[in-house]
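Now for the letters of each chain:
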Amino acid sequence: MKLFYKVNPDDYKICMDQIRDKYGMHEEVDEARTILMLDDDSQIERVMGTFDPNLDDFAHVRINLNDESLKDFFDSVLGEPYKVK
């Protein structure tokens, strides 16, 4: 399952930190992208957030879930997804 969210830029870092801390994820950051990963991807494959303050009105967060029961947690942190695949 892939979840796509638009997040207020002021809340973006707080949301990503909350997800990282809840699951003890590894964080990789480059200029406009943050990637959170686990050693074991049986539940969460990847969380990727992008935000470029020069180009974007919203931060975009994409989550690849292997355990659909975790969707409620991500919805509680990030709001309702604008797209689910």
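Quick look at the structure, then. Bear in mind the structure is a predicted one, so any value in this text is a computation, not a measurement. Residue positions are given per chain, counted from 1 along the sequence in the order it is written. Per-residue local features of the predicted model are confined to residues with pLDDT of at least 70, and side-chain atom pairs are confined, for both listing and counting, to 80 or more; whole-chain, interface and lining totals are unaffected and use all residues. To get the side-chain values, take all heavy atoms of the structure and skip hydrogens and water.

**Some points on the overall build of the protein chain**
Under the convention used in this document: A run of DSSP states H or I qualifies as a helix once it reaches four residues; a run of E qualifies as a strand once it reaches two. Both are numbered from the N-terminal end. Computation of the radius of gyration draws on C-alpha atoms alone. For the globule rule, the value is 2.2 Å times the number of residues to the power 0.38. Method for areas: the Shrake-Rupley scheme with a 1.4 Å probe, in which residue coverage is limited to the protein chains shown. Two residue types count as positive, namely Lys and Arg, and two as negative, namely Asp and Glu; His and chain ends fall outside the count. The location of each charge is read from NZ of Lys, CZ of Arg, CG of Asp or CD of Glu.
Regarding its fold elements, the protein chain presents two helices and six strands. Its helices and strands taken in sequence order, the protein chain reads β-α-β-β-β-β-α-β from the N to the C terminus. Against the globule reference of 12 Å for 85 residues, the protein chain gives a C-alpha radius of gyration of 12 Å, in line with a compact fold. Each principal axis of the C-alpha distribution contributes one length, and for the protein chain these read about 35 × 25 × 20 Å. When the accessible area of the protein chain is evaluated, it comes to approximately 5200 Å², of which 43% is carbon and sulfur surface. The centroid of the 11 positive side-chain charges in the protein chain is displaced by 5 Å from the centroid of its 20 negative side-chain charges.

**A few points about the sheet that holds strand β2 (residues 26–29)**
By definition, the strands of a sheet pair up through backbone hydrogen bonds, in either a parallel or an antiparallel sense. Heads up, the condition is: Strands pair, by our definition, only if DSSP identifies at least two bridges between them. The contact definition used throughout considers only heavy atoms, calling two residues in contact when any of these lie within 4.5 Å. As a rule, the C-alpha atoms of each element are fitted with a line to give its axis, helices using only the stretch in contact, and angles between N-to-C directions run from 0 to 180 degrees.
Taken together, six strands build an open sheet; the order of strands is β2-β3-β4-β5-β1-β6 and the sheet is antiparallel. In this open sheet, the two edge strands, each paired with only one partner strand, are β2 and β6 (83–84). Against the sheet, helix α1 (residues 9–23) makes contact with β1 (2–7), β2, β3 (33–37), β4 (44–50) and β5 (59–65), and its axis sits at roughly 160° relative to β4, the strand it touches most. On top of the sheet, helix α2 (residues 71–78) reaches β1, β4, β5 and β6; it is set at about 10° to β1, its chief contact.

**Focus: the packing of aromatic side chains**
Rules: Ring pairs shown here join Phe, Tyr and Trp side chains whose ring centres sit within 6.5 Å, with only the six-membered ring taken for Trp; geometry is labelled stacked below 30 degrees between planes, edge-to-face above 60, and tilted in between. Consider the ring centre and the ring normal. A charge sits over the ring if Lys NZ or Arg CZ is within 6 Å of that centre and within 35 degrees of that normal.
One pass over the structure, following the stated rule, counts five aromatic pairs. Within the aromatic cluster, the residues linked to one another by ring pairs are Y23, F73 and F74. K22 extends its terminal NZ or CZ atom over the ring of F73, reaching a point 5.4 Å from the ring centre.

**A closer look at the pairing of β4**
By the bridge criterion, four bridges tie β3 to β4 in an arrangement that is antiparallel. Along β4, the bridge assignment pairs L36 with V47. In textbook terms, the turn of a hairpin is the stretch between consecutive antiparallel strands, and for β3 and β4 this stretch comprises six residues. Sheet topology places β4 next to β5; six bridges connect them, and they run antiparallel. Following the sheet pairing, T50 is matched in β5 by H60.

**Some thoughts on the pairing of β3**
In this structure, β2 lies alongside β3, joined through four bridges in antiparallel fashion. Each residue of the ladder has a partner; that of E28, found in β3, is I35. Counting the residues in the hairpin turn of β2 and β3 gives three residues.

So yeah, pure geometry; function would need other evidence.
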